[in-house]
Amino acid sequence: MGSFAKTDAITQAFERVIKQACVPKDSEELFVGLDIGTAYMVLAVLDAKLQPIAGAYRFAQVVRDGIVVDYLGAIDIVKDLKQEIESAIGRELDHTAIAIPPGTSYSDTRFIGNVAESAGLHVVNVVNEPEAANTLLQLHNGVVVDIGGGTTGLAIIENGEVVYTADEPTGGTHCTLVVAGRHKISFEEAEELKKDPARQDEMGRLLKPVSQKIASIIKRHITGHTVSEIVLVGGASCLVGIEDVVSEELGIPTVKPAKPLFITPIGIAMNCRTADERTTHEGRA
Ligand SMILES: Nc1ncnc2c1ncn2[C@@H]1O[C@H](COP(=O)(O)OP(=O)(O)OP(=O)(O)O)[C@@H](O)[C@H]1O
Ligand SMILES: [Mg+2]
């Protein structure tokens, strides 16, 4: 099983630059990734060596099931995140990569792209979310599962190539609804309780059925493939013990990096190249 040392170093650096951004050199090329998620909107900025230099995020419910339900609200948040980072790094951001859940239609993809463009970020590349996550993870064989707020997306990787992708409802929002129902509290209170560091073991037990449901989604999609390893990313995979539940249910070693929340946004930023630049880069490699 691979080590997450490099991935963990980058996500830790990202958490640091969210608090205190680094100033890039004047002409340095910047790699920007915008993750318009169901739970979090994240803007990640990397330097030319693909190291994090700035980041900003908001908890926001502007997307549901991969569809932008509050278009103007989404644009305002992206503008805020962009401005926050621009004043921290002293440079204007003018381009970005974005990501979509696997299976998103052409028109929904354009809609998500329009949010970025309307906020002043020209979209240079559109990637699949679990594939973006794997740009950082660099898994060669196995399954990358991105358990976000609204959906669980997955990509099966064989010999470094993505051979299958899927996306299904069930994620952190589902967990929050279970917590709200169990404790008879509001969604907002349940969201906080779910993430309370002192209550993590209890949450792991309470939300085991949701973890089992996610395991069953993974099982259905990997049937027919030989899978040696499963890697969980996305905010909802922070849930204590979810990797053990998936491993028990499927009989496949399942692991997660130390900080699974920002893997996908960082991976999106790593894909911030135009098709021409990618061809040139691959030609050189
Ligand atoms: N420590 C934690 N324990 C449990 N859940 C957590 C924790 N931290 C974050 N989450 C959950 O992770 C979810 C958000 O994850 P993420 O940012 O990956 O989703 P998203 O990209 O916004 O959603 P999607 O990919 O479905 O559109 C939320 O439901 C949030 O409550
Ligand atoms: Mg996501």
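Just so it is clear, the model here is predicted, and its values are computed rather than measured. (Residues numbered from 1 in each chain as written. Chains lettered and ligands numbered in written order. Predicted model: local features only at pLDDT ≥ 70, side-chain atom pairs only at ≥ 80, totals over all residues. Heavy atoms only, no water.)

### Observations regarding the pairing of strand E2 (residues 40–46)
Extensive coverage of E2 is indicated by the burial of seven of its seven residues. Taking every second residue as pointing to the same face, both faces of E2 are buried, with Tyr40, Val42, Ala44 and Leu46 on one and Met41, Leu43 and Val45 on the other. Connecting strand E1 (residues 31–36) to the next strand, E2, in antiparallel fashion are three residues. Alignment of E2 against strand E3 (residues 52–59), held across seven bridges, turns out to be antiparallel. Paired with Leu43 across the strands is Ala56, a residue of E3. The hairpin formed by E2 and E3 contains five residues between the paired strands, and Leu50 there has a positive phi angle of roughly 65°. (Buried < 20%, exposed > 50% of the residue type's maximum accessible area, 1.4 Å probe, protein only. Helix = DSSP H or I, 4+ residues; strand = E, 2+ residues; numbered from the N terminus. Pairing = 2+ DSSP bridges.)

### Overview of the packing of helix H2 (residues 71–89) against helix H3 (residues 106–118)
Close contact between H2 and H3 brings their axes to 8 Å; oriented N to C, the two are set at 45°. Here H2 lies oblique to H3, going by the angle between them. H3 is crossed by H2, and the crossing has right-handed handedness. Listed contacts from H3 to Tyr71, Ala74, Ile75, Val78 and Lys79 of H2 are Phe111, Asn114, Val115 and Ser118. (Axes fitted to C-alpha atoms, helices over the stretch in contact; angles between N-to-C directions. Parallel < 35°, antiparallel > 145°, perpendicular 65-115°, else oblique. Left-handed = near helix turned anticlockwise from the far one by under 90°. Contact = heavy atoms within 4.5 Å.)

### Re the domain arrangement of the protein chain
Taken domain by domain, the protein chain holds domain 1 (5–133 + 263–284) and domain 2 (138–255). Scanning the region where domain 1 abuts domain 2 turns up zero salt bridges. Inspection of the domain 1/domain 2 interface yields two residue pairs in polar contact (both at pLDDT 80 or more). Every element with two or more residues in the side of domain 1 that touches domain 2 is listed here: helix H4 (129–137) and helix H10 (263–270). Counting residues per element, the side of domain 1 that touches domain 2 draws most heavily on H4, which supplies four residues. The residue inventory of the side of domain 1 that touches domain 2, partitioned by class, reads eight nonpolar, four polar and two charged. (Domains from an automatic or database assignment. Salt bridge = Lys/Arg side-chain N within 4 Å of Asp/Glu carboxyl O. Polar contact = N/O pair within 3.5 Å; in protein donor to acceptor, adjacent residues only side chain to side chain. Nonpolar A, V, L, I, M, F, W, Y, C, P; charged D, E, K, R; others polar.)

### Description of the sheet that holds strand E9 (residues 151–158)
The strand order across the open sheet formed by five strands is E10-E9-E8-E11-E12, and the pairing between neighbours is mixed. Each of the sheet's edge strands pairs with one partner strand only, and the pair in question is strand E10 (161–169) and strand E12 (254–255). Looking at chain direction, strand E11 (residues 230–233) and E12 are connected through two bridges and run parallel. Looking across to E12, one finds that Ile230 is bridged to Thr254. Along the sheet, helix H8 (residues 208–222) makes contact with strand E8 (142–147), E9, E10 and E11, crossing E10 at roughly 140°.

### Structural notes on the nonpolar core
By size, the foremost hydrophobic cluster in this structure holds 63 residues, and its most contacted members are Met41, Leu43, Val45, Ile85, Leu93 and Ile266. Looking at which domains feed residues into this core, each of domain 1 (5–133 + 263–284) and domain 2 (138–255) supplies at least three. The residues touching Leu93, leaving out its near neighbours within four places in the chain, are Leu30, Val32, Leu43, Val45, Lys82, Ile85, Glu86, Gly120 and Leu121. In terms of nonpolar packing, the next biggest core, distinct from the first, is built from 27 residues, Val179, Met203, Ile218 and Val246 among them. (Core = buried A, V, L, I, M, F, W, Y, C linked by side-chain atoms within 4.5 Å.)

### Focus on the packing of aromatic side chains
Evaluated as defined, the whole model comprises five aromatic pairs. Their ring planes at 70° and their centres at 5.7 Å tell us that Tyr40 and Tyr57 sit as a pair that is edge-to-face. Remark: Tyr57 occurs in strand E3 and Tyr40 occurs in strand E2; sequence separation between them is 17 residues. What makes Tyr57 partly exposed here is its relative accessible area of 36%. Aromatic rings pair up to connect Phe14, Tyr40, Tyr57, Phe59 and Phe262 into one cluster. (Phe/Tyr/Trp six-rings, centres within 6.5 Å; stacked < 30°, edge-to-face > 60°.)

### A few points about unusual backbone geometry
With a phi angle near 115°, Thr170 is a residue other than glycine that sits in the positive phi range. Unlike most non-glycine residues, Lys184 shows phi in positive territory, near 50°. Position of Lys184 among the secondary structure elements: in the loop between helix H5 (172–183) and helix H6 (187–195).

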